[in-house]
Amino acid sequence: MATTNVGATENGLKPPTEWQSPPQAVLDVLHAPQLPHVWTAPAGKYLLLTDPVRYPPLAELAAPMHKLAGIRINPVTNDHHGRHGGTSPRLVRVEDGTTIQLDLPADVEVLDVKWTADGDRYALTVRHSDHIGLWVGSVAGKVAEIEGLALNPVLGNPVSWLPDQHRLLIRRIPSRGPAPEPSAIPAGPEIVEGSGASSRSTYEARNLLETAHDDALFEYYATAELAIIDPATGQVNVIGAPAPYTVAKFSPSGEYLLVKYLVAPWSHEVGWWRFASAIEVWNSQGEPVATIASLPVADQVPTHGVPVGPRSVAWRPTAPHTLFWVEALDGGDPVAEVPHRDRLMRLNAPFTAEPEVIFKAEHRIQPQSNGWTAEGSTLMLTQRERIRRWRYVWLLDVDNGTSRLWFDLNEGDRYGDPGHPLFRTLPNGRKVLRQQGDAVYFSGSGATDEGDRPFLDLRHLVTGETERLFRSDPNRYEYVVAVAASDRVVLRSESAVEVPNYYLASFGQPIEAAAGEATRALTREPITQFEDPTPQLRAIEKRIVRYERSDGVPLSFHLYLPPGYQEGTPLPTVLYAYPMEYSGAAIAGQVRGSAQRFMQLYGASHLYFLLQGYAVLDQTAMPILGDPETAYDTFVPQLVADAEAAVAKAVEIGVADPERIGVIGHSHGGLMVANLLAHTDLFRAGIARSGSYNKTNQPFGFQAERRSLFEAREAYVQLSPTFFADQVNEPVLIIHGDDDSNPGTPPFQSQVFYEAVRGAGGTTRLVLLPFEDHGYRAKESIEHVLWEQFRWFDKYIVGQS
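None of these values were measured; they are calculated from a predicted model.

A. The arrangement of the packing of helix α5 (residues 635-652) against helix α6 (residues 668-679) in detail. Axis separation between α5 and α6 bottoms out at 10 Å; the angle between their running directions is 85°. Classed by the angle they form, the pair α5 and α6 counts as roughly perpendicular. Only H668, L671, M672, N675, L676 and H679 of α6 make contact with α5, whose side of the interface consists of F635, V636, L639, V640 and A643. Grouping the constituent residues of the contact of α5 with α6 by class yields eight nonpolar, three polar and no charged.

B. Focus on the sheet that holds strand β17 (residues 245-250). With respect to topology, four strands assemble into an open sheet ordered β17-β18-β19-β20, the strand pairing being antiparallel. Strands at the two margins of the open sheet, each flanked by one partner only, are β17 and β20 (288-295). Between one strand and the next, the sheet's axes are offset by a mean angle of 15°, whatever the strand orientation. Where strand β19 (residues 277-283) and β20 come together, six bridges link them in antiparallel fashion.

C. Broad picture of the pattern of salt bridges. Under the definition given, this model contains 49 salt bridges. In this structure, R488 engages E95 in a salt bridge whose closest nitrogen and oxygen atoms are separated by 3.3 Å. In this pair, R488 sits in strand β38 (residues 488-494) while E95 sits in the loop between β7 (86-93) and β8 (99-101), placing the two residues 393 residues apart along the sequence. Judged by its relative accessible area of 55%, E95 is exposed. Residue R707 is joined to D633 by a salt bridge in which the shortest nitrogen-to-oxygen separation is 2.7 Å. Here D633 lies in the loop between β46 (623-625) and α5 and R707 lies in the loop between β48 (685-689) and α7 (713-718), a separation of 74 residues in the sequence. Three or more residues joined by partner-sharing salt bridges are found here, namely R311, D330, R341, D342 and R364.

D. Here's a closer look at unusual backbone geometry. Across the junction of A264 and P265, the peptide omega takes the value 5°, indicating a cis bond. Its place among the elements puts P265 in the loop between β18 (256-262) and β19. Looking along the chain, the bond that leaves A349 and enters P350 is cis, with omega of 10°. Tracing the sequence through the fold places P350 in the loop between β23 (342-348) and β24 (356-361). Of note in this structure, A69 is not a glycine but carries a positive phi near 55°. Locating A69 in the fold gives a position in the loop between β4 (66-68) and β5 (71-74).

E. Examining helix α3 (residues 212-222) more closely. Of the positions making up α3, those classed as buried are D214, D215, L217, F218, Y220, Y221 and A222. Buried-residue contacts for α3 involve β4, β5, β15 (224-229), β16 (236-243) and β18.

F. Region of interest: the nonpolar core. The biggest cluster of nonpolar side chains holds 62 residues, and the ones touching the most others in it are F557, L575, F635, V663, M672, L676 and F683. Looking at this core, the element that brings in the most residues is α5, giving nine residues. What L676 contacts, discounting residues up to four positions off in sequence, is L639, V640, A643, V663 and F683.

G. The confidence of the model for the protein chain, seen in detail. When pLDDT is averaged across the protein chain, the result is 93; 96% of the residues are at 70 or more. Segment residues 6-13: pLDDT under 50, and 11 contacts once partners within four positions in sequence are set aside and those in other chains are kept.

H. Region of the structure containing the side chain of D657. Tracing the sequence through the fold places D657 in strand β47 (residues 656-666). Ignoring sequence-local partners within four residues, the contact set of D657 consists of P570, L571 and T573.

I. Broad picture of the sheet that holds strand β13 (residues 159-161). Ordered by their spatial adjacency, four strands build an open sheet running β13-β14-β15-β16, and the pairing between neighbours is antiparallel. In this open sheet, the two strands that pair with only one neighbour each are β13 and β16. Going from strand to strand, the sheet's axes swing by 20° on average, the running direction of each strand aside. With five bridges joining them, strand β14 (residues 168-172) and β15 adopt antiparallel strand pairing.

J. Quick look at the environment of G137. The topology assignment puts G137 in strand β11 (residues 132-138). Taking the C-alpha atoms as reference, G137 lies 16 Å from T87; in sequence the two are 50 residues apart. Not counting residues up to four positions away in its chain, the partners in contact with G137 are D120, R121, Y122, K142 and V143.

K. Focus on the packing of aromatic side chains. Taken as a whole and judged by the stated rule, the model has 27 aromatic pairs. With a centroid separation of 5.1 Å and an interplanar angle of 90°, the aromatic rings of Y256 and F351 are classed as edge-to-face. Linking Y256 in strand β18 with F351 in the loop between β23 and β24, this pair joins segments that are 95 residues apart in sequence. The two residues Y256 and F351 agree in class, both being buried. Ring geometry for Y632 and F635: centres 5.3 Å apart, planes at 20°, overall stacked. Joined through ring pairs, the aromatic side chains of F609, Y614, F790 and F793 make up one cluster. The ring of W390 carries R388 above its face, with NZ or CZ at 4.1 Å from the centroid.

L. Representation of the pairing of β47 in the model. Burial analysis of β47 places eight of its 11 residues in the buried class, the great majority of the element. Where strand β43 (residues 571-577) lies against β47, five bridges are found, and the strand directions are parallel. Note that in β47 the partner of V574 across the bridge is G662. As paired strands, β47 and β48 are joined by five bridges and run parallel to one another. By the bridge assignment for β48, G665 is matched with A688.

Rules and cut-offs
Residues numbered from 1 in each chain as written. Predicted model: local features only at pLDDT ≥ 70, side-chain atom pairs only at ≥ 80, totals over all residues. Heavy atoms only, no water. Axes fitted to C-alpha atoms, helices over the stretch in contact; angles between N-to-C directions. Helix = DSSP H or I, 4+ residues; strand = E, 2+ residues; numbered from the N terminus. Parallel < 35°, antiparallel > 145°, perpendicular 65-115°, else oblique. Contact = heavy atoms within 4.5 Å. Nonpolar A, V, L, I, M, F, W, Y, C, P; charged D, E, K, R; others polar. Pairing = 2+ DSSP bridges. Salt bridge = Lys/Arg side-chain N within 4 Å of Asp/Glu carboxyl O. Buried < 20%, exposed > 50% of the residue type's maximum accessible area, 1.4 Å probe, protein only. Core = buried A, V, L, I, M, F, W, Y, C linked by side-chain atoms within 4.5 Å. pLDDT = per-residue confidence, 0-100. Phe/Tyr/Trp six-rings, centres within 6.5 Å; stacked < 30°, edge-to-face > 60°. Lys NZ or Arg CZ within 6 Å of the ring centre and 35° of its normal.

Structure representation (structure tokens):
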């Protein structure tokens, strides 16, 4: 049952703690069928669909699990606790929309799909009741499980196709006995020790290892065996010895295998991703060829820094067997004054020479944003400047040693964002930049002051000039899912009243177009015909409203109006927001999202208030402007100014009744709620969920704040509403998952804030959700949170008991 507390109760009785449910109209939407998950095959030939599994019963969350090294493990399946996928898998042929149902048991769930390069076959990672299985099939509809096999996905994806695209490399559970049992008597006391360390990573993870038994359990569940499987013949070849592998990837030639595995002893100070590790190259039989790095435990990483030594080691996709990686030149410290922060390294087979320095970067390299061209030796490399929040995209010719800046941008500038590059799959299964001639395809959200209009561009490598192939109609929300050919794309299209569906779109002749608009005509043929699962939501009206803060900073919110709203009628109103940090006012004021998105409601969403007759201000801009090093010095006054502007605008346009406005926030938004109740009288009541209310309990930084408590003591105190709980004179409902694993928001943050408000005479209620994490998942929890939220605002905003 949910645990609840209040500062005062009627007739002195303890408040009810049984699970509650919201009204039936809300339940009808909450439990309506969901639109499917979609995986797209290479070249967009097929879609694979599954129906998502949501809201498991609380009994599932309450089932035994192990909290080990920053992860939660289900001992029955040897997978992450609470992980779910989708049921009823089926293929849809893009060319004509034909659907092929896959013959999997009704009670299993597809977790992931790995396609072959030609898009004709696939490998499914499947959740069974007692293991994670591997199913292999073809687009002809034939699919079968590889019998007697249990995958181990604890430390990463356990399935990949070899370069020949016929065999699979897997991580499976090795032959083993039962899990280690705890000792009846501990071997000794629990001891931690520190001496002169400058680590600032204390709050990077929870659920860390604590005992020798934890160590043994982690090794037991994390250890995997590498094996090569031929689905056609059933032949299995084991590669190397069992170990806690985090990387296992064949070279494009198939001659070498890159592996990374964790090395004991196991640290009790950091999560598994910071454990000591070894990076090696093996031959195809699993015999060691070279050691790339032996990395110590990374327990001294500065806030917002990176570990020292090789990181992001990977094969070049267009060379037979060449490794590239990145190394820090600043000790991993983002505030160290150095001419270069990172360097790009290369090592060719047979891996016996000294690694070459290919490029030195002035700023931190972002390997996840890099990409190779299929022809030549060009690498698109991205750097990030932390202080300016700036991104630089370079083109490096790694064979000829030349480099140049391709383009750069403010990473927060949504209006000027060129988007992200698209990739295609080579015959060896590796991904390279998708090009047409010397131009790279880029897809982006296309933000404007009227809302998002996604686009597809061609950006030329030589000149940097762009050609706009596609831009979403302003009255719809459409974006490219895949490029099927130079003249065809798979498109996802929706509007505020039309359910999202997929289309095969063909480019026609060039057309005259205004600046920023598409330069090609487009025709569409439907692929899917999904139906609206919640037509009652189409009566909800959505608008984007723009306004300014008192200092001229442009702001916006998404205004939702309930079904049957009469224009000009002030309503009880809910404001939902999440504070964000920005370098400047122009960027902070940019509009986010689109009024043309098809509304779907999930979980304990604040948007369910619309079905109760409230207006909702969603995505309400709450920017915190300033230098990243000092922005939180003015967090509270900026937050107050943001909220004052939003409330004033909602009242001015005749939607909000100024005497009936409530505020809701989750996580960092929970901190926002508590501060607004403590420092303003704008709201009649608030709901703060899974927040952190005393930042002095996070002494080595939070969000974008990297200064320690000892460097910015006053800032930490001023933005911590627990210290100002005596000023919270509006009713506040505090909700928290009782098993929150988010490092900055342990449940005691809500418990202490509740006690502070209650002890100071305030009106408050604390709801602790058993077995729930930072986000709430169980059916009972979701329904109960919705009931609590409605009850709180109905009582303290609308005035209903």
